[in-house]
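If you want the building blocks of each chain, they are given just below.
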Amino acid sequence: MNLDLWIRGQRDRPSRACGVPAGEVASRLSIVQNTMSAHLKILGHAGLVRAEREGRTIRYVADMTGFRDLLAYLMEDCCNGAPELCQPVIQAVTCKC
């Protein structure tokens, strides 16, 4: 559930690299700010988001290294040494920029 909330909050946001305050994510998802902060803290402990302080505001940024490591772990475990099984997933998540 935590990851789903983060992804939904980030979708269609033009300035993802700049991060998002917990309150903004919470309001976009109609969630109480304290609850959203708790979810973001859990994602931070998992290495999927980073908190960056900007004055009095804390902005949350997706940690793409953490996401990459998570995907690599899941695909390694899922594929059981047969990487060709994971090719559709790899192609779907590979940046085409």
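All values reported here derive from a predicted model rather than from experimental measurement.

> Would you mind showing me how to read the nonpolar core here?
Generally speaking, a soluble globular protein has its nonpolar side chains buried in company with each other. With 13 residues, the main nonpolar core has Val 25, Met 36, Leu 40, Leu 43 and Tyr 60 as its most contacted residues. Listing elements by their share of this core, those giving two or more residues are α2 (22–29), α3 (33–45) and β3 (57–62). Sort the elements by how many residues they give to this core and α2 lands first, with four residues.

> I'm lost on the packing of α2 against α3 in this one. Help?
Across the interface, α2 lies against α3 with an axial gap of 8 Å and an inter-helix angle of 115°. Classified by the angle their axes make, α2 and α3 are roughly perpendicular. In this structure, α2 meets α3 at a crossing whose hand is right-handed. Here Ala 22, Gly 23, Val 25, Ala 26 and Leu 29 of α2 lie close against α3, whose contacting residues are Gln 33, Met 36, Ser 37 and Leu 40. Split into classes, the residues belonging to the contact of α2 with α3 amount to six nonpolar, three polar and no charged.

> When you look at the environment of Gly 44 in this model, what are you seeing that I'm missing?
You can see Gly 44 is positioned in helix α3. Looking at Gly 44, the relative accessible area reads 33%, which means it is partly exposed. Gly 44 sits 17 residues away from Val 61 along the chain, and the two C-alpha atoms are 9.5 Å apart.

> Would you mind going over the sheet that holds strand β1 (residues 20–21) with me for this structure?
What links the strands of a sheet is backbone hydrogen bonding, and the strands pair in either a parallel or an antiparallel sense. An order of β1-β3-β2 is seen for the three strands of this open sheet, with the pairing classed as antiparallel. One side of each edge strand has no neighbouring strand; the edge strands of this open sheet are β1 and β2 (49–54). Across two bridges, the pairing between β1 and β3 is antiparallel. What sits directly across from Val 20, in β3, is Tyr 60.

> Would you mind showing me how to read the pairing of β2 here?
Two faces belong to every sheet, and in a regular strand the side chains alternate between them. Both β2 and β3 contribute to a ladder of six bridges, which runs antiparallel. Pairing of Glu 52 across the sheet is with Arg 59, part of β3. The antiparallel pairing of β2 with β3 creates a hairpin that spans two residues between the two strands, and Gly 55 there sits at a positive phi of about 65°.

> Hey, could you run me through the environment of Arg 53 in this one?
Along the chain, Arg 53 turns up in strand β2. Arg 53 sits in the exposed class, given a relative accessible area of 58%. Taking the C-alpha atoms as reference, Arg 53 lies 9.7 Å from Pro 21; in sequence the two are 32 residues apart.

Criteria and cut-off values
Residues numbered from 1 in each chain as written. Predicted model: local features only at pLDDT ≥ 70, side-chain atom pairs only at ≥ 80, totals over all residues. Heavy atoms only, no water. Core = buried A, V, L, I, M, F, W, Y, C linked by side-chain atoms within 4.5 Å. Buried < 20%, exposed > 50% of the residue type's maximum accessible area, 1.4 Å probe, protein only. Helix = DSSP H or I, 4+ residues; strand = E, 2+ residues; numbered from the N terminus. Axes fitted to C-alpha atoms, helices over the stretch in contact; angles between N-to-C directions. Parallel < 35°, antiparallel > 145°, perpendicular 65-115°, else oblique. Left-handed = near helix turned anticlockwise from the far one by under 90°. Contact = heavy atoms within 4.5 Å. Nonpolar A, V, L, I, M, F, W, Y, C, P; charged D, E, K, R; others polar. Pairing = 2+ DSSP bridges.

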